[in-house]
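# Topology and contacts: notes
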Amino acid sequence: MYESFYNLQGKPFQLSPDPRFFFGSRGHRRALAYLRYGLGQGDGFVVVTGGVGTGKSTLVQMLLAELKRQRNVVAAQLVMTQLEPDDLLRMVAGALGLENEGLSKAALLRKFESYLRKQRREGRRVLLLLDEAQNLPARSLESLRMLSNFLDGEQPLIQSFLLGQAEFRDTLASPRLEQMRQRVIASCHLTAFEEEETRSYIEHRLRNVGWQHDPALSDEAFQAIHQYTRGVPRSINTFCDRLLLYGYLEGLHEVSVETVEAVAQELNMELQDEEEGDGEEQSAEGGSRVARLERRIELLEEALSATRDGLNQALAERYG
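Just so you know, these numbers come straight off a predicted model, no measurement behind them. (Residues numbered from 1 in each chain as written. Predicted model: local features only at pLDDT ≥ 70, side-chain atom pairs only at ≥ 80, totals over all residues. Heavy atoms only, no water.)

With that out of the way, let us pick up the side chain of Glu 142. Position of Glu 142 among the secondary structure elements: in helix 6 (residues 138-147). Residue class for Glu 142 comes out buried when judged on its relative accessible area of 18%. Polar contacts involving the side chain of Glu 142 include one to the side chain of Arg 145, which spans 2.5 Å. Setting aside its immediate chain neighbours within four residues, Glu 142 contacts Arg 176 and Leu 177. (Helix = DSSP H or I, 4+ residues; strand = E, 2+ residues; numbered from the N terminus. Buried < 20%, exposed > 50% of the residue type's maximum accessible area, 1.4 Å probe, protein only. Polar contact = N/O pair within 3.5 Å; in protein donor to acceptor, adjacent residues only side chain to side chain. Contact = heavy atoms within 4.5 Å.)

In structure tokens, the structure reads:
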């Protein structure tokens, strides 16, 4: 909707991870450096943690995009759930294209080892990228560590990158996982953006879709966005997408702190509605918001209709 109004080439604040929009904040550059370092070592585990929405999945997509250019790497990406050890092994095997139905654990491990050795003989490395690793119980993580026992001389046949939320650090601190911790060759933790990074992040994503400072955002607007979103990338995306929609519906080409506050108020009202349920008060407020949106669209349609009529009249006068 708002893309054509602001002459943008696409949606700048989509939620799905996209390497094209990667923003190299200090923390994200550090995390990507750790991933690349671990990739170069070809050994052990690399761990990246961070709060919800801080960009861990985007880092994975960045790494995968780089790996696709390397023909000697076989990479499998999995999003973790509460998996027991045997189910985890089957999921990993399936991601690598190995038949695993009806096999015992011993048979599955033999098949897995045979596959890894075949890849090594043919000059390929095998990598696992496990996202949402905080969902795995300790016993499943220990099973994952056992896979790193497959060696070619002293070189492991498989390497794992583990990405998880902040609580994953507590899981790794368990005495039960001491042997796994000893095999972690690099780890880092992602945090939210500082205020200046929030501004740079927003401008970076806008420039990636051809932004020519329409809409123009005031310094105070950037500060207010940071305050509302607390510098969390996913929250920034959600808020700024709504901000551009609001600007389009209101016909704005400048975003002020008042605009940001109006959008924040709307989002807070919606959040309150969700918490309150489906009561009569919620229905009235929801109807009011829908009515306001419908009125904005009606005004835009009237403006477009008037512009079209004016153009038709001008053409008729000139060529009629």
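Mapping Thr 229 onto the fold places it in helix 10 (residues 219-229). For Thr 229, the side chain forms a polar contact with the main-chain oxygen of Ile 225, separated by 2.8 Å. Apart from residues lying up to four places away in sequence, Thr 229 is in contact with Ser 235, Ile 236 and Phe 239.

All right, on to the nonpolar core then. Counting residues in each nonpolar core, the largest one holds 34 residues, and the members touching the most others are Leu 96, Phe 112, Leu 116, Leu 128, Leu 144, Leu 162 and Met 180. Secondary-structure elements contributing two or more residues to this core are strand 1 (45-50), strand 2 (73-79), helix 4 (85-95), helix 5 (105-121), strand 3 (125-131), helix 6, strand 6 (158-164) and helix 7 (167-172). Tyr 2, Ile 202, Val 209 and Tyr 248 belong to the second-largest nonpolar core, a separate cluster that totals 30 residues. (Core = buried A, V, L, I, M, F, W, Y, C linked by side-chain atoms within 4.5 Å.)

Turning our attention to the packing of helix 9 (residues 195-207) against helix 11 (residues 233-250). In contact at an axis separation of 11 Å, helix 9 and helix 11 are set at 60° when each is read in the N-to-C sense. Classified by the angle between their axes, helix 9 and helix 11 sit oblique to one another. With respect to the hand of their crossing, helix 9 and helix 11 are arranged in right-handed fashion. Taken together, the residues of helix 11 that come into contact with helix 9 (itself represented by Thr 198, Tyr 201, Ile 202, Arg 205 and Leu 206) are Pro 233, Ile 236, Asn 237, Cys 240 and Leu 244. Among the residues making up the contact of helix 9 with helix 11, the classes are represented as seven nonpolar, two polar and one charged. (Axes fitted to C-alpha atoms, helices over the stretch in contact; angles between N-to-C directions. Parallel < 35°, antiparallel > 145°, perpendicular 65-115°, else oblique. Left-handed = near helix turned anticlockwise from the far one by under 90°. Nonpolar A, V, L, I, M, F, W, Y, C, P; charged D, E, K, R; others polar.)

Each pocket or cavity is described by its volume, and for the largest pocket that value is around 390 Å³. For the lining of the largest pocket, the secondary structure elements donating two or more residues are helix 3 (56-67), helix 9 and helix 11. Here the residues of the lining of the largest pocket sort into nine nonpolar, ten polar and five charged. (1 Å grid on protein atoms, 1.4 Å probe; cavity = no way out; pocket = protein on both sides within 12 Å on 5 of 7 lines; lining within 4 Å. Points joined across faces, edges and corners; volume = space filled by probe spheres on them.)

Within the structure shown, the criterion is met by one cavity of 30 Å³ or more. Volume-wise, the largest cavity comes out at about 40 Å³. Lining the largest cavity we find Phe 13, Ile 202, Leu 206, Leu 217, Cys 240, Leu 243 and Leu 244. Of all elements in the fold, only helix 9 and helix 11 reach the threshold of two or more residues within the lining of the largest cavity. Class assignment of the residues belonging to the lining of the largest cavity gives a composition of seven nonpolar, no polar and no charged.

On to the sheet that holds strand 3, then. Spatial strand order, 2-3-6-1-7: five strands in an open sheet with parallel pairing. Pairing within the sheet leaves two strands with one partner each, and these edge strands are strand 2 and strand 7 (184-190). Going across the sheet, the axis of each strand differs from the next one's by a mean of 15°, ignoring polarity. For strand 3 and strand 6, the ladder comprises five bridges, and the chain directions are parallel. Note that in strand 6 the partner of Leu 127 across the bridge is Gln 159. Its contacts with the sheet place helix 4 against strand 2 and strand 3, and it is angled at close to 135° to strand 2. (Pairing = 2+ DSSP bridges.)

What follows concerns the packing of aromatic side chains. Two numbers describe a pair of aromatic rings. These are the distance of the centres and the angle of the planes. Scanning the entire structure with this criterion turns up seven aromatic pairs. When the centroid spacing of 5.5 Å and the interplanar angle of 65° are considered together, the rings of Phe 5 and Tyr 248 count as edge-to-face. Remark: Tyr 248 occurs in helix 11 and Phe 5 occurs in helix 1 (residues 2-5); sequence separation between them is 243 residues. Grouped by ring-pair contacts, the aromatic residues Phe 5, Tyr 6 and Tyr 248 constitute a single cluster. (Phe/Tyr/Trp six-rings, centres within 6.5 Å; stacked < 30°, edge-to-face > 60°.)

A separate point is the pairing of strand 6. Consecutive side chains along a regular strand alternate between the two faces of the sheet. Of all the seven residues making up strand 6, seven are buried; the element is thus mostly covered by neighbouring parts of the structure. Both faces of strand 6 are covered, namely the face carrying Ile 158, Ser 160, Leu 162 and Gly 164 and the face carrying Gln 159, Phe 161 and Leu 163. The pairing of strand 1 with strand 6 spans five bridges and is parallel. Looking at the pairing, Val 48 lines up with Leu 163 of strand 6.

Glancing now at the pairing of strand 1. Extensive coverage of strand 1 is indicated by the burial of six of its six residues. Where burial is concerned, the two faces of strand 1 agree: the one with Phe 45, Val 47 and Thr 49 and the one with Val 46, Val 48 and Gly 50 are both buried. Of the strand pairs in this sheet, strand 1 and strand 7 are connected by six bridges, and their pairing is parallel. What sits directly across from Thr 49, in strand 7, is His 189.

Note that the residue after Asp 214, namely Pro 215, is joined by a cis bond; omega there is 10°. For Pro 215, the position within the fold is in the loop between helix 9 and strand 8 (216-217). The phi dihedral of Glu 132 is positive, around 60°, even though this residue is not glycine. Here the phi dihedral of His 213 falls at roughly 60°; this positive angle occurs in a residue that is not glycine. If you trace the backbone, His 213 turns up in the loop between helix 9 and strand 8. Note on His 213: relative accessible area 53%, which makes it exposed.

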